[in-house]
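Here is how the chains run, residue by residue.
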Amino acid sequence: MSLLRVENLMVDYLTPEGALRAVDGVSFELKRGEILGLVGESGSGKSTAAMAAMRILGPPALIAGGSVLFDGRDVLTMSAEQLRRWHWREIAIVMQSALNALNPVLTMQEHFLDTIAAHRPEMSKAEMLKRAAELLKMVDIDPRHLNSYPHELSGGMRQRVVIALALTLNPPLLIMDEPTTALDVVVEREILKRVLQLQKELGFAILFITHDLSLLLEFATRLGVLYAGRLVAIGAVEIFRQGGVHPYTQGLLQAVPQLRGKREAFKSIAGSPPSLKNPPSGCRFHPRCPLAEERCRKEQPELKKTQSGHQVACHVRT
Amino acid sequence: MNPALLFRQMIANRKARAGMIIFGLFAVVSLVGPWLVQDPTAFTAVPHQPPSWDNWFGTTGQGQDVFAQTIVGTRVTLAVGCATGFLVVLLGAVVGGIAGYLGGRTDNLLSLLINVFLVMPGLPLMVVLAAWLPPGPMTILSVLVLTGWAWNARVLRAQTLSLAQRDFVLAAKVSGESTLRIVTAEILPNMLSLMTSSFIGATIYAIGAQVGLEFLGLGDISKVTWGTNLYWASNDSALLLGSWWTFVPTGVCIALLGFGLTLINFGVDEIANPQLATESRWVRKLKSRATADGSTPVVEGGVK
Amino acid sequence: MNRSVEYLLRRLGFYALAAWVAITLNFLIPRMMPGDPAQIMFARFKGEMSPAAIAALRETFGITDAPIWQQYFTYLRHLLSGDLGVSVSNFPEPVVSVIATGLSWSIFLAGSALIISFLVGTSLGALAAWRRGGLLDSITPPLLALLGAFPYFWMAMLALFIFGFGLGWFPLWHAYPEGTSPGLNLPFLLGALYHAALPAATMVIASLGGWMLAMRNTMVGILGSDYITYARARGLAPRRVLIRYAARNALLPNITGFGMALGFVLGGALLTEIIFSYPGQGYLLIQAVRAQDYPLMQGLFLTITLAVLGANWLVDIVTLMLDPRTRR
């Protein structure tokens, strides 16, 4: 059975001009121990979908339809207390900017204590501190930094702390929302290496959100591609490594510069992502798609299986 | 952002519109009112009479018509209030703007000046100054501006500072635009809503402070203003004799005017910060479902 | 913590500078006014004052025939030794002792009103922002804004009229009942509370809206922050998020406002004191102005200014303690 099962999720933002649909019927599932990558450009709805699934998306957003099942339980009908118990014990999130996620007037220690005390109030303070030090060591941070304030740590250190916080209660699912986007590549590499090691040791599943497709190719089990609020491709990572099927995926992969081989001009996808206020008719990608046909302008494609479990939403490719 | 656009937005906004109507009413009264009522300084009836058909708001301790006094008093009070508001924002924009834009030593010096004035206790200083200078609206105006400009200067300086670092200003600098043009064409238009709300805030403060000073007898007590009306009411032992009508209408007018101006400011806030309006809309539509625990609400089918 | 000390000392330096400006202004203003203050007083008292008294007054004022620089330094010297001169309207009581009584009453009245207003207003504001759209959030802000639009001295007049003169529930003037003697005795203390009740109540009602709105607006801004979302995502109890994450951070900018208001408290709630004939700093100032008691006026203005500066410095210290970011 899947750990997380999102079906036809729809998320709206209430703007002064009316409701804007940021996520339009997205479905995916995640099994225990799996690493599912969600990739897309800014505004594609990937963070929105994940945070909505966790029900932590703030105003002016609301969930307009679909279902979210965690371990068979219906998340969308959970009460406030049920959500509180579910949060962090079974599903945790690592947010993009650790500096913004941490309370500027509290030390790292107080963050840990708050988190642990909210779920394990029976633990003594000494035990909680021990656990906090243990967690920091797991992410290669010296425990004496427990006394630091967020602004006193470097970006990389803060991100590690936030990862340690996420693992406090050993949740089976970790959502990582662009965790390394704000860091330089060297730090990014180190942190990811550590996370993957921890993933092997502790066995948690990861929903990894990023705009960097090439990164996911290295460690994801499965990948999903979002465009303008819709899932256009989803499947095992192997197909993506071979170049992908959907024209958008292919465009993304071709845009990654090659280190080896002969010199080539940069390839990019012409045009820019559509505004969600007035999305294109039919397939949302059609204005930028080199394979667009008449049908693409009129009818919105649904996800259909192509080969070996890979699904694509494209008239031309299916 | 230009003044015409801001004005249109203000009319469209519910709160600002309501406030402008209230202010408009008072403005009309201040302009036309004095011609439509009897002489407020004339001894017209028996003193200390409660409201009646002859004297709608009753009479003062000196037999004058309270209604006439209230209407006529609107003019000077409103005029001094608005003039103070305007001057305070002007002074604040000039000093704060120069400090924020030029930075460096100029900023340090001007900031010091602003801070020194900020820390000066307003009301005591006003009382002492008003006591030394000849009584009258001009004195009140100068005293109010002197003690009130620093607050706006600080606010406007902060905004100028943040705008001056923005990319479009740097681009203008690099492309050779003159300082004057940058300030008037790039920076000021972006501060329009802030200056509007500053002006309104300053006017509210000015009206209150003015009335306070005049109540203390530091204004020209021979002139008819809301403040002097209260001064005379107190002087003629209104409380002791129970003539509540000599001071209640004035207070209510001040409150209404102040409230109206505050409403305009609420509206301008919403215009300047659209997120406020967005969130209030969300709160209104999802009121029953917006939980205190902050989880994303689920509304099957969405909301229009 | 060395940087914090440095920061506080720098702020102290600024306040010292501002104090110097105030002191110098205090020295210059009477001398810039037409006429010699001492002569004005002589004319006023016309023979009621002995020449010796007038000479003493001029001396206190530092108005001698010496050049102005010398007068200035004499003035400063007197200041530093705590000599603010002698009050004309309370002759021969020294200014310092007149001010001392006024100060204690002002602190008691305006201080307690401010604290109550701040605590209640801020809590209401935090709750209103937390339960946006709720009853508290929809009704109280416009209601309190309307109440706050009334001039607070006018509210004092109304309150005195209804509850004092009208219903007779509260005393009409002064700080303590006649017949009781100031000191740590119960009749005096209870009487003082009774006399402060009405003026304090009007001040609280007039200013409650301001604190509530300020806190509510700061809170609303903060509730949209990522660290609030993150705190909730970690499964923290709502009460904890409200207090430790939201209100705690929202309080910081409002503490600055509180500090500034505290400074003005020491200037006395001038107008309220007048209406209730409450013998605080503000009441004394107006009496001094009306009696043209320049030494007292000058002394009062000086103490008020110094008190404001002192309060501001205190706020700097408190902000430093509460916000670790200022320590960098």
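Residues numbered from 1 in each chain as written. Chains lettered and ligands numbered in written order. Predicted model: local features only at pLDDT ≥ 70, side-chain atom pairs only at ≥ 80, totals over all residues. Heavy atoms only, no water.

Remarks on the overall build of chain B
The helix and strand inventory of chain B stands at 13 helices and zero strands. Written out in order from the N terminus, the α and β elements of chain B read α-α-α-α-α-α-α-α-α-α-α-α-α. Residue burial in chain B is summarised as follows: out of 304 residues, 52% are buried. Sequence-distant contacts, at least 24 apart, represent 68% of the contacts inside chain B between residues at least 6 apart. (Helix = DSSP H or I, 4+ residues; strand = E, 2+ residues; numbered from the N terminus. Buried < 20%, exposed > 50% of the residue type's maximum accessible area, 1.4 Å probe, protein only. Contact = heavy atoms within 4.5 Å.)

So, the sheet that holds strand β6 (residues 91-94) of chain A
Residues and elements named next belong to chain A. Strands sit in the order β6-β7-β8-β3-β9-β10-β12-β11 across an open sheet of eight strands; the sheet is mixed. On the outer flanks of this sheet lie β6 and β11 (304-305), each paired with one strand and no other. On the sheet, helix α7 (residues 185-202) packs against β3 (35-39), β7 (173-177) and β8 (205-210) and is oriented at approximately 155° with respect to β8. In the packing of helix α10 (residues 247-254) onto the sheet, contacts are made with β9 (222-227) and β10 (230-236), and the angle to β9 comes to roughly 105°. (Pairing = 2+ DSSP bridges. Axes fitted to C-alpha atoms, helices over the stretch in contact; angles between N-to-C directions.)

Observations regarding the confidence of the model for chain C
Residue and element names in this part refer to chain C. Here chain C shows a mean pLDDT of 81. Residues at 70 or above account for 86%. Helix α2 (residues 37-45) is the least confidently modelled element of chain C, averaging 61 in pLDDT, while helix α9 (residues 226-233) averages 93, the highest of any element. In the model output, the complex is listed with pTM 0.83 alongside ipTM 0.91. (pLDDT = per-residue confidence, 0-100.)

Overview of a nonpolar patch on the surface
Where nonpolar side chains cluster on the molecular surface, the patch consists of Phe86(B), Leu87(B), Leu90(B), Val94(B), Ile98(B) and Leu102(B) and spans about 530 Å² of accessible area. With respect to the helices and strands, the residue Phe86(B) is situated in helix α3 (residues 66-102). (Patch = residues over 30% accessible without salt bridge, like charges linked within 9 Å, V, L, I, M, F, W, Y side chains within 5 Å. Areas by Shrake-Rupley, 256 points an atom, 1.4 Å probe, with all protein chains shown as cover. Salt bridge = Lys/Arg side-chain N within 4 Å of Asp/Glu carboxyl O.)

Re the nonpolar core
Ranked by size, the top nonpolar core spans 118 residues in total, and within it Val127(B), Leu213(B), Phe215(B), Leu216(B), Leu230(B), Phe247(B) and Ile275(C) carry the most contacts. Broken down by element, this core gets its largest block of residues, 12 residues, from helix α8 (residues 186-223) of chain C. If we ignore the near neighbours within four places in the chain, the residues touching Phe215(B) are Gly227(B), Leu230(B), Tyr231(B), Ser234(B), Phe153(C), Met157(C), Leu271(C) and Ile275(C). Within the second largest apolar cluster, 100 residues are counted, among which are Ala52(A), Ala164(A), Leu253(A) and Ile269(A). (Core = buried A, V, L, I, M, F, W, Y, C linked by side-chain atoms within 4.5 Å.)

Re the pattern of salt bridges
All names here are of chain A. Under the defined criterion, the tally for this structure stands at 29 salt bridges over all chains. Between Glu 29 and Lys 31 there is a salt bridge; the shortest N-O distance is 3.7 Å. Residue classification places Glu 29 among the partly exposed residues on the basis of a relative accessible area of 24%. A salt bridge links Arg 297 to Glu 294, with the shortest nitrogen-to-oxygen separation between them at 2.9 Å.

So, the packing of helix α7 (residues 167-174) of chain B against helix α8 (residues 179-187) of chain B
All names here are of chain B. It is the contact of α7 with α8, at a shortest axis distance of 11 Å, that shows an interaxial angle of 150°. On the basis of their axis angle, the class for α7 and α8 is roughly antiparallel. Note on packing geometry: the crossing formed by α7 with α8 is right-handed. Judged by residue contacts, Phe 168, Val 169, Ala 172 and Lys 173 of α7 engage Ile 182, Glu 186 and Ile 187 from α8. In terms of residue class, the contact of α7 with α8 is built from five nonpolar, no polar and two charged. (Parallel < 35°, antiparallel > 145°, perpendicular 65-115°, else oblique. Left-handed = near helix turned anticlockwise from the far one by under 90°. Nonpolar A, V, L, I, M, F, W, Y, C, P; charged D, E, K, R; others polar.)

So, the packing of α3(B) against helix α4 (residues 104-119) of chain B
All names here are of chain B. Look at α3 against α4: their axes get within 7 Å of each other, and the N-to-C directions meet at 145°. The handedness of the crossing between α3 and α4 is left-handed. Note on element contacts: α4 touches α3 through Gly 104, Thr 106, Asp 107, Leu 110 and Ile 114, opposite Val 95, Ile 98, Ala 99 and Leu 102. Classifying every residue of the contact of α3 with α4 gives six nonpolar, two polar and one charged.

Comments concerning the interface of chain A and chain C
On the chain C side, the residues contacting the 25 residues of chain A number 23 residues. Here chain A packs against chain C, burying approximately 2,100 Å² in sum over the two surfaces, 60% of which is carbon and sulfur. Looking only at chain A, the three residues that lose the most surface to chain C are Val105(A), Asp114(A) and His151(A), adding up to 28% of its buried area. Along the contact surface separating chain A from chain C lie two salt bridges. Residue Asp114(A) pairs with Arg244(C) through a salt bridge whose shortest N-O separation is 3.0 Å. (Buried area = accessible area lost by both parts, 1.4 Å probe.)

Things to note about the environment of Tyr7(C)
Residues and elements named next belong to chain C. Take Tyr 7: it is sitting in helix α1 (residues 2-32). Residue classification places Tyr 7 among the partly exposed positions, given a relative accessible area of 24%. Spatially, the C-alpha atom of Tyr 7 lies 18 Å from that of Pro 253, the residues being 246 residues apart in sequence. Among residues more than four places away in sequence, those in contact with Tyr 7 are Asp 316 and Leu 320.

Focus: the interface of chain B and chain C
Each partner contributes residues to the interface: chain B has 44 residues there, and chain C has 45 residues. Regarding the contact of chain B and chain C, the summed buried area is about 4,200 Å², with carbon and sulfur atoms giving 85% of it. Sorting the residues of chain B by area buried against chain C places Val119(B), Trp132(B) and Leu239(B) first, and these three jointly supply 17% of that buried surface. Remark: the boundary between chain B and chain C carries zero salt bridges. Between chain B and chain C we count one residue pair in polar contact (both at pLDDT 80 or more) in total. Mapped onto the side of chain B that touches chain C, the elements with two or more residues apiece are α4, α5 (122-132), α9 (192-215), α10 (226-235), α11 (238-241), α12 (248-272) and α13 (274-285) of chain B. Among the elements that make up the side of chain B that touches chain C, the one with the highest residue count is α5(B) (nine residues). Among the residues forming the side of chain B that touches chain C, the class breakdown is 31 nonpolar, 10 polar and three charged. (Polar contact = N/O pair within 3.5 Å; in protein donor to acceptor, adjacent residues only side chain to side chain.)

Here's the deal with a positive patch on the surface
Residues and elements named next belong to chain B. A contiguous patch of positive charge on the surface is contributed by Arg 14, Arg 17, Arg 284 and Lys 285. Within the secondary structure layout, Arg 14 lies in helix α2 (residues 14-36). Owing to a relative accessible area of 59%, Arg 14 belongs among the exposed residues under this scheme. (Lys, Arg positive; Asp, Glu negative; His and termini not counted. Charge placed at Lys NZ, Arg CZ, Asp CG, Glu CD.)

Digging into the state of the cysteines
A complete count under the given rule lists zero disulfides over all chains for this structure. No disulfide involves Cys296(A); its sulfur sits 6.0 Å from that of Cys283(A), the nearest cysteine. Cysteine Cys82(B) is unpaired, with the sulfur of Cys253(B) as its nearest cysteine sulfur at 15 Å. (Disulfide = S-S within 2.5 Å.)

Details of the side chain of Arg230(A)
All names here are of chain A. When you line up the elements, Arg 230 lands in strand β10. On the accessibility criterion, Arg 230 (15% relative accessible area) is buried. A distance of 3.3 Å separates the side chain of Arg 230 from the backbone oxygen of Asp 24, its partner in a polar contact. Every residue in contact with Arg 230, bar those within four places of it in the chain, is listed here: Asp 24, Val 26, Val 225, Arg 284, Gln 300, Pro 301 and Glu 302.

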